[in-house]
Amino acid sequence: MEEITEGVNNLRVIDSNKENRIQVSNTKKPLFFYVNLAKRYMQQHNEVELSALGMAIATVVTVAEILKNNGLAVEKKIMTSTIDMKDESRGRSLQKAKIEILLGKTESFDELMAAAAEERDVGDGEAQS
């Protein structure tokens, strides 16, 4: 849980109006870091926007599917686009694919999260005995 809090605190927000945006990288963090971070964002803001460029798009889609398949999230909006980026080494512009997926809480989100927390607490109690 500490690493999620650390990730939230160190997250770079480009659009300051988007407090619920997670920019996903395919190299920096493990997949379930993003899954757990998205759960926390949904608890705080009722929805989360997952965003990625290029090769990280597969990671965003996987995170969204895990949350949906576990009954925690529903898709609200999917946006795709192409953005121009400057290639510093070659001095020319590159085009990169971009995806943004907006997920909202399901009606059973809070119930499922409470059950998971209770399960963890019971597991911790057994481990200490």
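Definitions and limits used
- Every chain's residues receive numbers from 1 upward, in the order its sequence appears when written.
- Restriction of local features to residues with pLDDT of at least 70 applies here, the model being predicted, together with a cutoff of 80 or more for giving and counting side-chain atom pairs; totals for whole chains, interfaces and linings are based on all residues.
- To get the side-chain values, take all heavy atoms of the structure and skip hydrogens and water.
- Side-chain rings of Phe, Tyr and Trp (the six-membered ring for Trp) are treated as a pair once their centres are within 6.5 Å; stacked means planes under 30 degrees apart, edge-to-face means over 60, and tilted covers the remaining angles.
- For the exposure calls, accessible area comes from a 1.4 Å probe over protein chains only, and a residue counts as buried if that area is under 20% of its type's maximum, exposed if over 50%, partly exposed in between.
- We call a charge positioned over a ring when the NZ of a Lys or the CZ of an Arg lies within 6 Å of the ring centre and within 35 degrees of the ring normal.
- A patch consists of residues whose relative accessible area exceeds 30% and which take part in no salt bridge; residues with like charges are grouped when within 9 Å of each other, and nonpolar side chains (Val, Leu, Ile, Met, Phe, Trp, Tyr) when within 5 Å.
- Note on areas: Shrake-Rupley, 1.4 Å probe, and residue coverage restricted to the protein chains presented here.
- We define a salt bridge as a side-chain nitrogen of Lys or Arg found within 4 Å of a carboxyl oxygen belonging to Asp or Glu.
- A run of DSSP states H or I qualifies as a helix once it reaches four residues; a run of E qualifies as a strand once it reaches two. Both are numbered from the N-terminal end.
- Among buried residues, the Ala, Val, Leu, Ile, Met, Phe, Trp, Tyr and Cys ones that are joined through side-chain atoms within 4.5 Å form a nonpolar core.
- Contacts are assigned to residue pairs with any non-hydrogen atoms lying within 4.5 Å of each other.
- Polar contact criterion, stated in full: a pair of N or O atoms within 3.5 Å, where within protein one must be able to donate a hydrogen and the other to accept it, and residues adjacent in sequence count only if both atoms are side-chain atoms.
- Pairing between two strands is assigned when DSSP locates at least 2 bridges connecting them.
- Orientation is described by lines fitted to C-alpha atoms, with helices fitted over the stretch in contact, and by angles between N-to-C directions that extend from 0 to 180 degrees.

Engineer: Explain the packing of aromatic side chains to me, using residue names and the numbers behind them.
Structural biologist: Using the criterion set out here, one finds 1 aromatic pair in the structure. Judged by centre distance (5.4 Å) and plane angle (80 degrees), the rings of phenylalanine 33 and tyrosine 34 are edge-to-face. As far as burial versus exposure is concerned, phenylalanine 33 and tyrosine 34 are alike and both buried. A cation over a ring is seen here: lysine 29 above phenylalanine 33, with NZ or CZ 5.0 Å from the ring centre.

Engineer: I'd love a proper account of a nonpolar patch on the surface, names of residues and values included.
Structural biologist: On the surface, a nonpolar cluster with roughly 200 Å² of combined accessible area is contributed by Leu53, Met85 and Leu94. Along the chain, leucine 53 falls in strand β2 (residues 47–53).

Engineer: Kindly report on the nonpolar core, identifying the contributing residues and their values.
Structural biologist: Ranked by size, the top nonpolar core spans 26 residues in total, and within it Ile22, Val48, Leu50, Ala52, Val60, Leu67 and Leu103 carry the most contacts. Going through the elements one at a time, α2 (31–45), β2, α3 (57–69), β4 (92–105) and α4 (109–128) are the ones with two or more residues in this core. The contact partners of leucine 103, leaving out residues within four places of it in the chain, are Met42, Glu47, Val48, Leu50, Ala64, Leu67, Ala73, Val74 and Glu75.

Engineer: Give me unusual backbone geometry: which residues, what numbers.
Structural biologist: Residue asparagine 46 is not a glycine yet carries a positive backbone phi of 70 degrees. Its place among the elements puts asparagine 46 in the loop between α2 and β2.

Engineer: Mind laying out the environment of glutamate 75, listing which residues take part and the relevant values?
Structural biologist: Along the chain, glutamate 75 falls in strand β3 (residues 73–87). Considered as a pair, glutamate 75 and glutamate 47 are 28 residues apart in the sequence and their alpha carbons are 9.7 Å apart. Separated by 2.5 Å, the side chains of glutamate 75 and lysine 68 make a polar contact.

Engineer: Could you give an account of the pairing of β3, with specific residues and numbers?
Structural biologist: Both β3 and β4 contribute to a ladder of 14 bridges, which runs antiparallel. Note on β4: the bridge partner recorded for isoleucine 78 is isoleucine 101. What sits between the antiparallel neighbours β3 and β4 is a turn of 4 residues, in which glycine 91 has the positive phi angle 70 degrees.

Engineer: Lay out the pattern of salt bridges in plain terms, naming residues and giving numbers.
Structural biologist: A full pass over the atoms with the stated rule returns 7 salt bridges. Note that lysine 98 and glutamate 100 form a salt bridge whose closest N and O atoms lie 3.9 Å from each other. Beyond isolated ion pairs, a larger network of salt bridges with shared partners links Arg21, Glu49, Lys98 and Glu100.

Engineer: Lay out the pairing of β4 in plain terms, naming residues and giving numbers.
Structural biologist: In this sheet, β4 lies alongside β2 in antiparallel orientation, the contact comprising 7 bridges. When the bridges of β4 are listed, valine 48 appears paired with leucine 103.

Engineer: Help me get a handle on the sheet that holds β2, residues and values and all.
Structural biologist: Reading across from one edge, β1-β2-β4-β3 is the order of the 4 strands in this open sheet, with mixed pairing throughout. Single-partner strands in this sheet number two, and they are β1 (21–23) and β3. With direction set aside, neighbouring strand axes in the sheet form an average angle of 20 degrees. Docked against the sheet, α2 engages β1, β2, β3 and β4, running at close to 140 degrees with respect to β2. α3 contacts β2, β3 and β4 of the sheet and is inclined by roughly 5 degrees relative to β4.

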